[in-house]
Amino acid sequence: MITHSLKQEVKNNFSISLPLIASQLIYASSGFVGTALVARLGDEALAASVLVSTIWMSLSVLFFGILNAVSVLVSHAYGAKDYKAISRIMSQSFILGVIVCMIMVVILSTMPLFLQLTNQSASVKILATAYMHALLLTIPSLVWLIILEQFLAGINRARLVLRISLLVVPIEIPIIYILIFGKFGLPAFGVAGIGYGFAITYTVVAIGMTIHFLRAKSIKPYGVFSSLKSFHPLILFELIRVGFPMGCMHVIEVSSFTVATFWIAEFGTTVLAAHQITLQYLSFMITFVFAMAQTVTVRIGHEIGSHHHENIPLVIMVGMMLDSIVVIFIVGAFIFLPKYILNLDINTQDIKNAELVAIASKLFLFAAILLIFDNFRIVGFGALRGLKDTTFPMIASFISFWLIGLSSAYYFGFKTNMAESGIWLGLALGIASGAVIVSIRTFHLVNRLAR
């Protein structure tokens, strides 16, 4: 028998999902502002920013994906009310964080060597190298914050995650602006100012969060820092076992869209611009789905920890239902209001932009189709993560993105007359296949738990 009602599950879901959604949207909006500021520096600065952002994105989705395992393990222990286990998990999470920091610093430090292999001008390479060196300073505090935020999500304190984001962005944007353009007598660091701004902001917030964790009575029972000197190899291994496939899955997905972008560049600058604009809005809107997926992960962890396996189908159903409601509105806007959306980037009334508007409007339709299937796929992955099944999602992503998605995209894009539309159609087919695979796997595991 289900131990709580549909109304109660909706309430439980909202307590986690709403703060996570708001937090992710706030962080995403800061990226929009940062890009707009860099664009004022000229084409070379923007090119350097794109180069570094591409490298940073590939690294961050892998290593920060690994750290998502913290919320999975913590949510299971929280559901079981095993606070000593949470303390041990956190101590090993910090060890994992140190390992992640060291690897990221080493890899990012060598990236300027690879920049020399690109066809960019020497001035762009110099700007990109300066930006990359500045980003090195952000890694320790950012990793620390991610671990703390994953802990908060795991213990159903997502509202504090929202408060952190509300604190970060108002500090971050002014600091970045000051450092980029050299205000108040400070030197103008240009595009590297973004990295320095991130480093200052995340360091200040990380210090503030640590002080709060040490003083807050509501956090003390979990002993977040009380087991720092202990070493539990089995827990550390479990964090890596759960987290590494998650990171690899994100790399597979990001790399697929990177390859698709290079293919679309073959069709000209206007088509590439339309593709980038469409991808920009799709990436922004999909933050809703990612937040809901993490909510489902945490909620399933709570129910498994408290041995209420019978509630898991309801958790998944509510998560999928609430997320689908939001996705329907987004899809409707993509299909029926593309010009209104495009007005935020370009003047749709200008005859010079007519071709760009026409292509982007067409791609918005494919993005809408893709988002419908991605909704089921990502929330399904969230359910599997909650069940600690992360290897299968990685394999499913490889099959759906690299084998089905990219091969279909290449065929429809270059072997038919569909061009850029064919590439987006191929990606949509890959994601649709992933949604089917994940749904079958989730249904199988949930049924096995119910026996």
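The structure under discussion appears in the preceding block.
Before going into details, it helps to say that this report is about the structure given with it. Sequence positions are assigned chain by chain, starting from 1 and proceeding in written order. Only residues with pLDDT of 70 or above have their local features reported here, since the model is predicted, and side-chain atom pairs are shown and tallied only from 80 upward, although totals for entire chains, interfaces and linings are computed over all residues. Based on all heavy atoms of the structure, the side-chain values leave hydrogens and waters out of the count.

In this section: the pattern of salt bridges. The salt bridge criterion pairs a side-chain nitrogen of Lys or Arg with a carboxyl oxygen of Asp or Glu, the two atoms within 4 Å. Overall, the coordinates contain 8 salt bridges when judged by the stated rule. A salt bridge links Glu-9 to Arg-299; its shortest N-O distance comes to 2.7 Å. Remark: Arg-299 occurs in helix α11 (residues 287-305) and Glu-9 occurs in helix α1 (residues 6-39); sequence separation between them is 290 residues. Linking Glu-253 and Arg-377 is a salt bridge whose minimum nitrogen-to-oxygen distance equals 2.7 Å. Placement of Glu-253 in helix α9 (residues 233-264) and of Arg-377 in helix α14 (residues 354-386) is noted, with a sequence separation of 124 residues between them. A single salt-bridge network, built from bridges that share partners, covers Glu-9, Arg-299 and Glu-303. Helix and strand labels come from DSSP, where a helix needs a run of H or I of at least four residues and a strand needs a run of E of at least two; each type is numbered from the N terminus.

This paragraph deals with the packing of aromatic side chains. Between 30 and 60 degrees the pair is tilted, below 30 it is stacked and above 60 it is edge-to-face, where a pair is any two Phe, Tyr or Trp rings, Trp via its six-membered ring, whose centres lie within 6.5 Å. Following the criterion strictly, the structure yields 21 aromatic pairs and no others. Their ring planes at 20° and their centres at 4.6 Å tell us that Phe-94 and Trp-144 sit as a pair that is stacked. Taken together, the residues Phe-94 in helix α4 (residues 83-115) and Trp-144 in helix α6 (residues 139-154) connect sequence positions 50 residues apart. With a centroid separation of 5.2 Å and an interplanar angle of 55°, the aromatic rings of Tyr-177 and Phe-181 are classed as tilted. Residue Tyr-177 and its partner Phe-181 are both found in helix α7 (residues 158-181); the two are separated by 4 residues, about one turn of the helix. In this structure Tyr-177 comes out as partly exposed when scored by relative accessible area, which is 30%. Residue classification places Phe-181 among the partly exposed positions, given a relative accessible area of 22%. One aromatic cluster in this structure is built from Tyr-78, Tyr-83, Phe-94, Trp-144, Phe-151, Phe-213, Tyr-222 and Phe-225. Whether a charge lies above a ring is judged from NZ of Lys or CZ of Arg, which has to be within 6 Å of the ring centre and within 35 degrees of the ring normal. Lying across the ring of Phe-392, Arg-441 places its NZ or CZ 4.7 Å from the centre. Burial here depends on accessible area, computed with a 1.4 Å probe over protein chains only, as a share of the maximum for the residue type. Under 20% is buried, over 50% is exposed, and the range in between is partly exposed.

What follows concerns α9. Helix span, as expected, comes to 1.5 Å for every residue beyond the first. An ideal rise of 1.5 Å per residue puts 46 Å on 32 residues; α9 measures up with 46 Å between its terminal C-alpha atoms. Along its length, α9 reaches its greatest deviation from straightness, about 25°, at Gly-243, and the proline Pro-245 lies no more than four positions downstream. The angle between axes fitted to the seven-residue stretch ending at a residue and the seven-residue stretch beginning at it gives the bend at that residue.

Next up on the list: the environment of Leu-166. Examined against the element boundaries, Leu-166 turns out to sit in helix α7. Along the sequence, Leu-166 and Ala-432 sit 266 residues apart, while their C-alpha atoms lie 35 Å from each other.

For any two helices packed against each other, one specifies the crossing angle of their axes together with the interaxial distance. Contact pair helix α5 (residues 122-136) / helix α8 (residues 192-215): the axes reach a minimum separation of 7 Å and the direction vectors enclose 5°. Viewed along their axes, α5 and α8 adopt a mutual orientation that is roughly parallel. For the pair α5 and α8, the contacting residues are Ala-130, Tyr-131, Ala-134 and Leu-135 in the first and Ala-192, Ile-194, Gly-195, Tyr-196 and Phe-198 in the second. Classifying every residue of the contact of α5 with α8 by side-chain character gives 8 nonpolar, 1 polar and no charged. Working convention: axes come from line fits to C-alpha atoms, limited for helices to the stretch in contact. Angles between N-to-C directions cover 0 to 180 degrees. What sets the label is the angle itself: under 35 degrees gives roughly parallel, over 145 gives roughly antiparallel, 65 to 115 gives roughly perpendicular, and the rest give oblique. Only heavy atoms matter for contacts: two residues are in contact if any of them lie within 4.5 Å across the pair. Note on residue categories: nonpolar means Ala, Val, Leu, Ile, Met, Phe, Trp, Tyr, Cys or Pro, charged means Asp, Glu, Lys or Arg, and polar means any other residue, Gly included.

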